[in-house]
Amino acid sequence: MHFNGEQQRQSIICFLVCSLKGFTMGELEVEKHAQYILSVEKRKDDFESVVMEHLRMNGAYWGLTTLDLLGKLETVDKDEIVSWVMSCQHESGGFGGNVGHDPHILYTLSAVQVLALLDKLDVLDIDKLANYIASLQNEDGSFSGDMWGEVDTRFSYIAICCLSLLHRIDKINVEKAVNYVVSCKNLDGGFGSIPGGESHAGQIFCCVGALAITGSLHHVDKDLLGWWLCERQVKSGGLNGRPEKLPDVCYSWWVLSSLIMIDRVHWINKEKVARFILDCQDKENGGISDRPDDAVDVFHTYFGVAVSDNDFSDSCTPLEGIHCMAMVDPKPPVLFYIVMELDFHFLNIRD
Ligand code: GRG
C-alpha cells in the first residue's frame with residue numbers, strides 16, 4: 001500500500017477513532033493537546049520548563065512526536081530545532097540533554113529520534129555517533145549510560161534501538177548484548193534493570209524491545225510474561241508498573257507495547273485502558289496527566305496520545321498499521337506516528 005503525507009494523517013485520525021472504539025472521536029482533545037504542547041515550548045520560565053531544563057532533549061522528542069501523532073508537526077520551525085539539537089552534541093559524538101550539558105545515551109537516542117522525525121538524519125556523522133554508543137558497551141555485554149558507568153537495561157535497549165535506526169548494529173557485540181538482557185530475566189517472566197533486579201513494566205519494555213530488535217524473542221516466555229503484564233491492569237482500567245503500585249498513563253504504553261511485541265495484547269481490556277486515558281485529559285487546557293485529576297505534563301501527554309493512536313482493536317493489529325505507514329514514508333524507516341521503538345519489525349524486514 002502507498003500513502004502520501006495527507007493520507008497518512010488521515011490514517012492516524014482513523015486509528016484514533018478505532019483505538020478508542022466505543023467512544024466518540026470528540027473525546028480525545030486533539031486540538032487542545034496540540035496547543036498544550038506548543039504552549040509548553042513557548043513558556044520558558046514556568047515550573048514545568050525549569051524542571052525540564054536538564055532533559056530538554058527528551059522533552060523535544062516527547063513533544064514533537066506528540067505533535068506528529070496529532071498531525072501538527074508543520075507548526076514547528078524544523079531548522080531551528082535541528083540547529084538546537086546539533087548544538088547539544090559533544091566531541092565524543094554523544095548528545096546532552098541541553099546546550100552545555102554532559103552527553104548521555106538517554107539524550108542521544110532522543111536526539112536521533114528528533115532528527116529522524118524531522119527527516120534530518122543526514123546532518124549526523126553517523127559513524128561518530130555509532131562509535132560513541134559502541135564505546136558504552138561493557139565486557140559482559142551490558143551498556144553504561146555515560147562515562148560514569150551506571151549500567152541499566154534501559155541503556156541496552158537505547159543502544160540497540162539507536163544503532164538499528166542508524167543501520168550500525170554491527171558496531172556492537174550483539175550476542176553479548178542479548179545475553180546480558182537475558183541474564184536480567186526473572187522467574188516471573190519479567191525483566192529488571194540489572195541481573196536480579198525486580199521486574200518492572202518499563203524495564204520489560206526495554207528488554208523485550210531489545211530482544212525484538214535483535215530477533216531474540218525466543219528468550220521470552222510469552223505466556224508467563226503476558227500474564228504478568230496483564231495483571232498490571234487495575235480496577236480503574238489503568239495499568240501499574242509493578243504489583244501494588246498506582247496506575248499511571250505511561251504504563252499503558254510500556255505494558256501495551258510489550259504485550260504487542262509478544263502477541264498478547266488481546267489479553268487486556270482495551271476499552272478500560274482507553275477510558276482511563278481519556279479520564280486523565282485536561283479537557284479545558286489540554287494535556288494528559290499520570291492519573292485522573294493530577295497536573296498534566298508533556299511526558300504523559302506523549303504516552304497517552306501514543307497509546308490512543310496505537311490501534312489495539314480486534315480487527316487490525318497495531319504493527320500492521322505501523323508497517324503500512326512506515327513502508328511508504330519517504331522518511332527513514334523509523335518513527336512515524338507511533339513511537340519509533342515499536343518499529344523493530346520493520347527494521348528487521350528492511351535490514
Ligand atoms: C524512547 C520511549 C523511549 C524510551 C527510551 C528510557 C527508556 C528507553 C525507557 C524507560 C523505561 C522505564 C524504566 C520506565 C519507567 C518510568 C517510571 C515512571 C518510573 C517510575 O518508577 P517508580 O518506582 O514508579 O517511581 P512505580 O510506578 O514503580 O512506583
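Residues numbered from 1 in each chain as written. Predicted model: local features only at pLDDT ≥ 70, side-chain atom pairs only at ≥ 80, totals over all residues. Heavy atoms only, no water.

Under an unreviewed UniProt entry, the protein has the name Geranylgeranyl transferase type-2 subunit beta and belongs to Nelumbo nucifera. Per UniProt, the comment on the protein under Catalytic activity (unreviewed entry) is "geranylgeranyl diphosphate + L-cysteinyl-[protein] = S-geranylgeranyl-L-cysteinyl-[protein] + diphosphate". (UniProt positions renumbered as here; feature names shortened; annotations may be inferred.)

A short note on the pattern of salt bridges
Counted according to the given criterion, the structure contains 13 salt bridges. Note that Glu-198 is salt-bridged to Arg-242, the shortest N-O span being 2.9 Å. Within this pair, whereas Glu-198 is found in the loop between α9 (174–182) and α10 (201–213), its partner Arg-242 is found in the loop between α11 (222–230) and α12 (249–261), the two being separated by 44 residues in sequence. Given the relative accessible area of 48%, Glu-198 is considered partly exposed. Note that Arg-291 and Asp-294 form a salt bridge whose closest N and O atoms lie 4.0 Å from each other. Accessibility expressed as a relative area gives 23% for Arg-291, which makes it partly exposed. Because the salt bridges share partners, they merge into one network encompassing Glu-27, Arg-275 and Asp-279. (Salt bridge = Lys/Arg side-chain N within 4 Å of Asp/Glu carboxyl O. Helix = DSSP H or I, 4+ residues; strand = E, 2+ residues; numbered from the N terminus. Buried < 20%, exposed > 50% of the residue type's maximum accessible area, 1.4 Å probe, protein only.)

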